[in-house]
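Coordinate inspection notes
Chain by chain, the residues:
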Amino acid sequence: MKYRFATEAIHSSYDPEEHNRAIMPPIYQNSMFKMKEIGEQIPYRYARASNPTRKVLEDTIAALEHGAAGFAFGSGMAGIDCVYRAFLRPGDTIIAVSDIYGGSYDLLTEVYALWGVNVVFADLTDPANLDKALAEHANVKMVWLETPSNPLLRLVDIETLAAKAKAAGALVGIDNTFATPYLQNPLDMGCDIVFHSATKYLCGHSDVLMGVVAVKTEELARPMRTMMMNTGGVAGPMDCALVLRGIKTLALRMQRHCENALEIARRLEAHPAVDKVFYPGLPSHEHHDLAKRQMKGFGGVVTVWLKNDSKEAANSVIKNLNMVQMASSLGGVESLVNHCYSQSHSGVPHDIKTAAGIKIGLLRFSIGVEDVEDIWADLNAALNTVA
């Protein structure tokens with residue numbers, strides 16, 4: 001039976017009858033499974049290859065993203081790395097969005113570029129720039145998207161870019177972390193591979209480090225399985241169980257994240273300490289119309305430029321927050337602040353950061369599910385110290 005998203009998130013890919021009628025997927029804390037004879041074909045033998053708890057999560061991710069197969073890794077970077085390793089070779093070109101997550105930038109420039117992959121960054125908010133990059137570079141094997149982007153929440157037109165890339169014979173991968181499958185399903189828009197840092201919204205409780213990937217076809221799944229098996233960066237069963245638990249409330253949490261974030265973004269636009277607010281749900285956002293067409297909601301992250309673009313001003317806001325906490329991640333039930341210049345994008349060179357709009361006075365707020373008035377009271381008081 002085909003369920004709607006909120007129901008699918010709870011009941012997808014798990015049958016209690018197959019696990020002694022346990023309502024929740026059991027945690028198979030096993031490194032190996034018994035074989036009765038040489039060459040016996042059993043579904044689980046060794047945990048690096050497969051684990052029943054991990055399998056439920058991987059099947060759930062595939063179902064929610066409308067893919068053929070899912071994969072769960074020990075961290076988000078392990079997941080992205082497995083995608084690149086599975087499909088890129090020395091001499092290949094990857095074209096990636098210019099406003100990419102800092103960790104992905106570091107991986108591409110400090111690992112894959114040194115390995116012989118031609119790494120090209122382009123502003124793909126204008127689809128014409130993909131045409132230009134495809135014309136200028138040979139052996140384009142992959143186009144890597146991220147929308148909304150981290151931290152400026154810029155959007156790209158997934159369907160248009162995917163069609164252009166596929167016409168050129170390139171695979172299309174996308175970081176869908178900020179949107180989650182609740183708000184956006186890129187495989188339905190022409191992408192081949194979708195990635196999430198499950199550390200964020202999928203888990204939702206800031207207690208797991210994990211990356212997950214879903215692929216559109218079984219043909220794409222085969223090299224992913226081979227690379228995952230050979231490199232071994234798999235997620236453990238306990239972490240898989242926690243993310244499965246988090247996914248069961250994903251629809252509820254994302255509804256509240258979106259509601260709170262929109263209200264906070266509206267109020268921040270009127271605050272005298274704020275120069276500019278970046279949130280796709282605001283009519284002032286450069287890609288607001290695209291967000292309305294492409295997403296089912298606008299997400300839980302709000303980014304601001306302070307009028308006082310200095311470390312001192314940013315630090316004053318951070319130090320005067322009480323409930324909202326400074327941390328390196330996002331997507332939990334609690335509200336968080338990140339100073340992207342020194343945290344998420346610390347490894348990106350200064351000139352590239354500033355050109356991309358990642359100023360010293362930029363603050364990225366992950367708006368939680370607390371009462372919105374409490375969130376605003378804390379933010380307003382802290383911002384008033386630099387107004």
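As shown above, the structure is provided for reference.
Everything in this summary refers to the structure shown in the same document. (Residues numbered from 1 in each chain as written. Predicted model: local features only at pLDDT ≥ 70, side-chain atom pairs only at ≥ 80, totals over all residues. Heavy atoms only, no water.)

Assigned secondary structure in the protein consists of 14 helices and twelve strands. In terms of overall dimensions, the protein is globule-like: its C-alpha atoms have a radius of gyration of 21 Å, near the 21 Å expected for 387 residues. The C-alpha extent of the protein, read off along each of the three principal axes, is 75 × 50 × 35 Å. Going through the 387 residues of the protein one by one, you find that 56% of them count as buried. Residue pairs at least 24 apart in sequence account for 73% of intrachain contacts in the protein once pairs closer than 6 positions are excluded. Surface summary for the protein: the accessible area is close to 16,100 Å², and the carbon and sulfur share equals 52%. When the 36 positive and 43 negative side-chain charges of the protein are each reduced to one mean point, those points stand 3 Å apart. (Helix = DSSP H or I, 4+ residues; strand = E, 2+ residues; numbered from the N terminus. Rg over C-alpha atoms; globule rule 2.2 N^0.38 Å. Buried < 20%, exposed > 50% of the residue type's maximum accessible area, 1.4 Å probe, protein only. Contact = heavy atoms within 4.5 Å. Areas by Shrake-Rupley, 256 points an atom, 1.4 Å probe, with all protein chains shown as cover. Lys, Arg positive; Asp, Glu negative; His and termini not counted. Charge placed at Lys NZ, Arg CZ, Asp CG, Glu CD.)

Moving on, we get to the nonpolar core. Among the nonpolar cores identified, the biggest contains 91 residues, and Tyr84, Trp144, Met210 and Met224 are the most heavily contacted of them. Counting residues per element, this core draws most heavily on helix H3 (residues 76-87), which supplies six residues. Residue contacts for Tyr84: discarding those within four places in its chain leaves Ile94, Leu107, Leu108, Tyr112, Met142 and Trp144. Grouped together as the second largest cluster of nonpolar side chains are 30 residues, Val277, Leu306, Leu321 and Val386 included. (Core = buried A, V, L, I, M, F, W, Y, C linked by side-chain atoms within 4.5 Å.)

The full count for this structure, using the stated rule, is three cavities of 30 Å³ or more. By volume, the largest cavity is sized at about 90 Å³. In this structure, the largest cavity is lined by 13 residues; those nearest its centre are Ser98, Ile100, His345, Ala356 and Ile358. Here the lining of the largest cavity is composed, by residue class, of eight nonpolar, three polar and two charged. As a volume, the second largest cavity reaches approximately 60 Å³. As for the second largest cavity, its lining consists of Ala9, Ile10, Ser12, Tyr14, Pro25, Val56, Thr60, Leu244 and Lys248. Partitioned by chemical class, the residues of the lining of the second largest cavity number six nonpolar, two polar and one charged. (1 Å grid on protein atoms, 1.4 Å probe; cavity = no way out; pocket = protein on both sides within 12 Å on 5 of 7 lines; lining within 4 Å. Points joined across faces, edges and corners; volume = space filled by probe spheres on them. Nonpolar A, V, L, I, M, F, W, Y, C, P; charged D, E, K, R; others polar.)

With that out of the way, let us pick up the sheet that holds strand E7 (residues 211-215). Spatially, the seven strands line up as an open sheet ordered E1-E7-E6-E5-E4-E2-E3, and their pairing is mixed. Of all the strands in the sheet, the pair left with one neighbour each is strand E1 (69-73) and strand E3 (118-122). Strand after strand, the sheet turns through a mean of 20° between neighbouring axes, direction not considered. With respect to the sheet, helix H2 (residues 52-64) is in contact with E1 and E7, its orientation differing from that of E1 by roughly 125°. Packing against the sheet, helix H8 (residues 218-231) makes contact with E1, strand E5 (171-175) and E7, and its axis sits at approximately 20° to E1. (Pairing = 2+ DSSP bridges. Axes fitted to C-alpha atoms, helices over the stretch in contact; angles between N-to-C directions.)

Take the packing of H3 against H8 next. Between H3 and H8, whose axes approach to 9 Å, the crossing angle comes to 115°. It follows from the interaxial angle that H3 and H8 lie roughly perpendicular. For the pair H3 and H8, the sense of crossing is right-handed. On the side of H3, the interface is formed by Cys82, Val83, Arg85, Ala86 and Phe87, while H8 contributes Leu220, Pro223, Met224, Met227, Met228 and Thr231. (Parallel < 35°, antiparallel > 145°, perpendicular 65-115°, else oblique. Left-handed = near helix turned anticlockwise from the far one by under 90°.)

So, to be careful, I would describe these as geometric facts and stop short of saying anything about function.
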